[in-house]
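Summary of the model geometry
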Amino acid sequence: QVQLVESGGGLVQAGGSLRLSCVASGSIFSMNAMGWYRQAPGKQRELVAAITSGGTIKYADSVKDRFTISRDNSKNTVYLQMKSLKPEDTAVYYCRMYGSSWYLENSNSSWGQGTQVTVSS
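None of these values were measured; they are calculated from a predicted model.

Glancing now at the pattern of salt bridges. A full pass over the atoms with the stated rule returns five salt bridges. Residues Asp61 and Lys64 are paired through a salt bridge, measuring 3.2 Å at the closest nitrogen-oxygen approach. Looking at Lys64, the relative accessible area reads 43%, which means it is partly exposed. Across the salt bridge formed by Arg96 and Glu105, the nearest N and O atoms sit 3.0 Å from each other. Salt bridges sharing common partners tie together Arg38, Glu46, Arg66 and Asp89.

Right, let's get into unusual backbone geometry. The phi dihedral of Asp65 is positive, around 75°, even though this residue is not glycine. Assignment of secondary structure puts Asp65 in the loop between strand E6 (57–59) and strand E7 (67–72). Classification of Asp65 by relative accessible area gives exposed; the value is 79%. The backbone of Ser84 sits at a positive phi, close to 50°, despite the residue not being glycine. Looking at the secondary structure, you find Ser84 in the loop between strand E8 (77–82) and strand E9 (91–98). Looking at Ser84, the relative accessible area reads 41%, which means it is partly exposed.

The rules behind the values
All residue numbers refer to positions counted from 1 along the written sequence of the respective chain. Where local features are concerned, this predicted model is filtered to residues with pLDDT of at least 70; where side-chain atom pairs are given and counted, the filter is 80 or more; whole-chain, interface and lining totals use all residues. Side-chain figures throughout are based on the complete set of non-hydrogen atoms in the structure, without hydrogens or water. In the sections that follow, a salt bridge refers to a side-chain nitrogen of Lys or Arg positioned within 4 Å of a carboxyl oxygen of Asp or Glu. Under the scheme applied here, a residue whose accessible area is under 20% of the maximum for its type counts as buried, over 50% as exposed, and between as partly exposed, the area being computed with a 1.4 Å probe on protein chains only. A run of DSSP states H or I qualifies as a helix once it reaches four residues; a run of E qualifies as a strand once it reaches two. Both are numbered from the N-terminal end.

Quick look at the structure:
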């Protein structure tokens with residue numbers, strides 16, 4: 001059974017930085033694509049960034065040049081470095097392990113419990 005545990009969320013002022021971490025267990029981490037999603041109050045969950053098992057990356061347009069996704073297979077961990085944070089980045093951030101090496105939306109997936117990021121203006 002896959003378990004994903006996120007950490008690193010918190011309250012930060014606009015313009016600040018945070019780094020989120022997601023540690024995975026119960027699966028061969030290196031074989032799976034990983035992703036970060038977020039959900040703001042009253043809005044649908046949306047993709048923030050994703051990385052394949054081979055390291056191919058995609059970002060939502062709203063976070064390009066501000067956020068960086070990376071993975072450390074030796075630590076079974078995926079990271080999301082967030083810079084130049086804006087109030088509109090406020091959301092619960094979720095880690096996702098895709099059921100494939102590529103970030104296929106219809107693949108069986110596992111999700112973390114989420115971590116709150118709040119950006120004050």
